[in-house]
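Coordinates in review
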Amino acid sequence: MGKQILTTCAYCGAGCQLYLNVEDGKIVSSTPANGRTNEGNLCLKGHYGWDFLNDPQILTKRLTKPQIRKNGVLEEVEWDEAISYTAERLSEIKAKYGPDAIMGTGSARGPGNEANFVMQKFMRAAIGTNNVDHCARV
Amino acid sequence: MSMGIPEIENAKLLFIFGYNGADSHPIVARRIIKAKQKGAKLIVVDPRITESARIADMHLQLKGGSNMALVQAIGNVIINEGLADQKFIENHTNGYEEYKEFVKKYTPEYAEPICHVPAEQIREAARAYAKAETSMILYGMGVCQFAQAVDVVKGLASLALLTGNFGGPNMGIGPVRGQNNVQGACDMGALPNCYSGYQSVTDDAVREKFEKAWGVKLSNKVGIPLTHVPHRVLEEKDEKKKIHAYYIFGEDPAQSDPDLNEIRETLDKLDFVVMQDIFMNKTGLHADVILPSTAWGEHDGIYSACDRGFQRIRKAIEPKGDVKTDWEIISLISTAMGYPMHYNNTKEIWDEMRSLTPSFHGATYEKLEALGSIQWPCRDESMEDKGTPYLFTGGKFSHPDGRGKFFATEWRPPCEVESPEYPYTLSTVREVGHYSVRTMTGNCRALANLEDEPGWIQMSPEDCGKLNVKEGELIRVFSRRGSLMTRVLPTERVKPGATYMTYQWWVGACNELTTPYLDPVSNTPESKYCAINLEKIDDQAWAEQCIKDSYESIRKKMGIDTAKKEV
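Residues numbered from 1 in each chain as written. Chains lettered and ligands numbered in written order. Predicted model: local features only at pLDDT ≥ 70, side-chain atom pairs only at ≥ 80, totals over all residues.

**Focus: the overall build of chain A**
Just so we agree on the cut-off: Counting from the N terminus, the helices are the DSSP runs of H or I reaching at least four residues and the strands are the DSSP runs of E reaching at least two. Here the globule rule reads 2.2 Å times residues to the power 0.38, and the radius of gyration is calculated from C-alpha atoms.
Of regular secondary structure, chain A possesses three helices and seven strands. Reading chain A from its N end, one meets helices and strands in the order β-β-β-α-β-β-α-β-α-β. Since a compact globule built from 138 residues should have a radius of gyration of about 14 Å, the 19 Å found for chain A marks it as more spread out than a globular shape. When its C-alpha atoms are laid out on the principal axes, chain A stretches across 55 × 30 × 25 Å.

Shown next as structure tokens:
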């Protein structure tokens, strides 16, 4: 038997509520829910816009492993290496040029509010700069 | 938005300015149609005949880049014809006399040659807007993506102040924001000047509160906006002001930002670029580190809808591959840098945010579970506080004295206008089937089939005739910054001289052409206006092959086996 998960659509700012219908760990369809803004309606992105999670590899590939550029080429690495390398390089740049030499972005798309809160906290508290912004402007 | 989305259908008049709901937000557009069915008057201001314009009572088909002149001409008529709400102005606003004086010269006759809208039509629109029982303004990127953008927003708000269209239901002013969580990223303080809940980084008391909670000294210097990054990398002479590292999270500036040539140069010049995302993208091709994260559907959290509505997202499936949630990745890097951050789930993060943010304090996970959606401000944790459907109740505004402020200023033409060499204008727009840079929709089978590379350029039939091009033919488009090939789409919806392209295509990437000029306050680029030229391509077979080769080469770079997957 499948399950139905109530969530908010990942596309525009209308905030439509929908159910993702899951079978064997895969999303197979979506059903409109009776949300405050959508009242049981969805547009075509709400109806069909979940398929990227199945990674059909039409345009681009889902990223499944951290990568570091070594000698000009991106190579897959383990998380430990990716995290410590990133932290080292950022610390180096901070030590050499100061915290304001680093810029970070938030994301207006999938990650959600909590991830944005953590990102701005990281930039402000760990890096020490207010250089954080996102594509609201673009 | 000062109002909620459901209120749209109950307004007596909708004044839709530079906002194409049918393509950008179909489910919001549905409320516009419902409003019309319920008897509302519709006035649409847009250089194109949008779907809303087709059902409008009045369509002011202005020339792109003339918004400020039109908005002030409407203010001029409202004042001159005695239609202003004097009582509201007296009780709830400041700066009326200066506003009145300033817009004096913006008569409809003065605006007509700037806007290419007949003076009499401007008068009729102003009268209808002022006389309706409740008038609601909806605006979109047709206002915001100009170098004169914030002025127009304030100008539109001034029209609502002038007519008392604030403080009650079914009125006000609504920026219908594009992305699912652009409101949320702002709410959470992913902005250079404020923490969560729009608390200023320059306010000592606020900063001390965050310093105490986070146990660290914080900078009181406002950060730099995203759109200044190219300048700070390529042109900044002062080493101390240069940007050396860029941590890009859930964005693709190498596709979405204006003047892509400049962006690529910026990414290559930076000492260190981190890209954290769900799919490989154009920015990733320039990154030093790629951090793969979970996608929507694979993690929990909260989004903010464009009408300030907090709503839950929930994990539906287990992610495939060795990926982590965004907040876990960031916390790990922070910890490795000597500032330990650790959370077990999104609720812990949300609770920390609430404890530091008075206007969101009452929006608990428990309450969201019970109510489904909460529009901020929501200050109190008790179930009594269900949030705030519309702002400025009873005409009380957020300025310290509680009064709304009028604003007027001179209209400025766009930064790059037509010339003999570049006689056409280009504006970037949206289409309904694809979203943003199509990271997600381009990888959904049903949606990818709707439209594909290289995309289209919307042109008037007159211009198509002049250039001797027909529908579907490939055409060369070029500006001072770049050039590309795309397909001709003749349409009666656009005026001669003006062209439109959507911005998700790789081969027909219209941001190769756009200008990096910014609004001085919002730092939003002028994506809605630049000068271009068009050139017929005689050898269509060669052009088709170029498109095919270029598409295949980009997909190969993205790691797609193109031999197996036909273009």
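**Some thoughts on the overall build of chain B**
Short version of the rule: Placing a C-beta atom from the backbone of each residue, one calls two residues in contact when those atoms lie within 7 Å.
Per the secondary structure count, chain B includes 21 helices and 21 strands. Taken against the 2.2 N^0.38 rule, which gives 24 Å for 567 residues, the C-alpha radius of gyration of chain B at 24 Å falls within 12% of a compact globule. The principal-axis extents of the C-alpha atoms in chain B amount to approximately 65 × 65 × 50 Å. Sequence-distant contacts in chain B: of pairs separated by 6 or more residues, those separated by 24 or more amount to 69%.

**Some thoughts on the pairing of strand 1 (residues 13-17) of chain B**
All names here are of chain B. Threshold: Burial is judged by counting the other C-beta atoms within 10 Å of a residue's own C-beta: 20 or more makes it buried, 12 or fewer makes it exposed, and any count in between marks it as partly exposed, with every C-beta position built from the backbone. Here, strands pair whenever DSSP counts at least two bridges between them.
The buried count for strand 1 comes to five of five residues, which makes it a mostly enclosed element. Where burial is concerned, the two faces of strand 1 agree: the one with Leu13, Phe15 and Phe17 and the one with Leu14 and Ile16 are both buried. Inspection of the sheet shows strand 1 paired to strand 2 (residues 41-45) by five bridges, in the parallel sense. Following the sheet pairing, Leu13 is matched in strand 2 by Lys41. Bridge count between strand 1 and strand 5 (residues 135-139): five bridges; the pairing is parallel. Paired with Ile16 across the bridge in strand 5 is Leu138.

**Some thoughts on the domain arrangement of chain A**
Interface extent is often summarised as the accessible area lost during association of the parts. What counts, and what does not: For every domain, the bounds stem from an assignment made automatically or drawn from a database.
Segmentation of chain A into domains returns domain 1 (3-54), domain 2 (63-97) and domain 3 (99-138). Each of domain 1 of chain A and domain 3 of chain A has a C-alpha centre, and the two are 27 Å apart.

**Section: the environment of B:Asp151**
Residues and elements named next belong to chain B. Structurally, Asp151 is set in helix 10 (residues 150-162). With 24 C-beta atoms counted inside 10 Å, the residue Asp151 sits in the buried group. Residues Asp151 and Trp411, 260 residues apart in the sequence, show an inter-C-alpha distance of 8.8 Å. Not counting chain neighbours up to four residues away, the residues in contact with Asp151 comprise Met68 and Thr409.

**Describing the pairing of strand 10 (residues 272-277) of chain B**
Residues and elements named next belong to chain B. In terms of burial, strand 10 is largely enclosed, as five of its six residues are buried. In this structure, strand 9 (residues 245-249) lies alongside strand 10, joined through five bridges in parallel fashion. Counterpart to Ala245 in the pairing with strand 10 is Phe272. Of the pairings in the sheet, the one linking strand 10 to strand 11 (residues 289-292) comprises four bridges and is parallel in character. Bridged to Val274 within strand 11 is Val289.

**Some words on the nonpolar core**
To keep things clear, this is the line we draw: Definition of nonpolar core: a set of buried Ala, Val, Leu, Ile, Met, Phe, Trp, Tyr and Cys residues joined via C-beta atoms within 7 Å.
Counting 210 residues, the largest nonpolar core has B:Leu14, B:Ile43, B:Leu70, B:Ile74, B:Tyr129, B:Ile137 and B:Leu156 as its most contacted members. If we ignore the near neighbours within four places in the chain, the residues touching B:Leu156 are B:Phe17, B:Val71, B:Ile137, B:Tyr139 and B:Ile173.

**Points about the interface of chain B and chain A**
The criterion, for reference: Each residue is assigned to one class: nonpolar for Ala, Val, Leu, Ile, Met, Phe, Trp, Tyr, Cys and Pro, charged for Asp, Glu, Lys and Arg, and polar for all the others, Gly among them.
Contact with chain B, which involves 124 residues of that partner, is made by 96 residues of chain A. Considering every element that reaches the side of chain B that touches chain A, the biggest residue donor is helix 16 (residues 326-336) of chain B, with eight residues. By residue class, the composition of the side of chain B that touches chain A is 68 nonpolar, 36 polar and 20 charged. Taken together, the two bridges between strand 4 (residues 67-70) of chain A and strand 11 of chain B define a ladder with antiparallel strand orientation.

**Some thoughts on the sheet that holds strand 6 (residues 172-175) of chain B**
Residue and element names in this part refer to chain B. Stated formally: Under this scheme, a helix contributes an axis fitted over its contacting stretch, all axes are lines through C-alpha atoms, and angles between N-to-C directions fall in the 0 to 180 degree range.
In space, the five strands of this open sheet follow the order 3-2-1-5-6, with parallel pairing throughout. Because the sheet does not close on itself, it has two edges, and the strands there are strand 3 (58-60) and strand 6. On average, each strand axis in the sheet is inclined to that of its neighbour by 15°, with strand direction left out of account. Here helix 8 (residues 119-131) sits on the sheet in contact with strand 1, strand 2, strand 3 and strand 5, set at roughly 125° to strand 3.

**Some words on the domain arrangement of chain B**
Residues and elements named next belong to chain B. Domain annotation of chain B identifies domain 1 (5-176), domain 2 (182-383) and domain 3 (424-557). Of note, the centres of domain 2 and domain 3, computed from C-alpha atoms alone, are 31 Å apart. Every element with two or more residues in the side of domain 2 that touches domain 3 is listed here: helix 14 (253-256) and helix 15 (260-269). No other element matches helix 15, which puts three residues into the side of domain 2 that touches domain 3.

**Looking at unusual backbone geometry**
Residue B:Pro377 is bonded to the preceding B:Trp376 through a cis peptide linkage, with omega at 0°. Within the secondary structure, B:Pro377 sits in the loop between strand 14 (374-375) and strand 15 (404-405). In this structure, A:Asn71 takes a positive phi of about 50° despite not being glycine. Residue position: A:Asn71 is located in the loop between strand 4 and strand 5 (73-76). Residue B:Arg308 is not a glycine yet carries a positive backbone phi of 70°.

**Overview of the environment of A:Tyr48**
Tracing the chain through its elements places A:Tyr48 in helix 1 (residues 44-48). Counting along the chain gives 66 residues from A:Tyr48 to A:Glu114, while the straight-line C-alpha distance between them is 26 Å.

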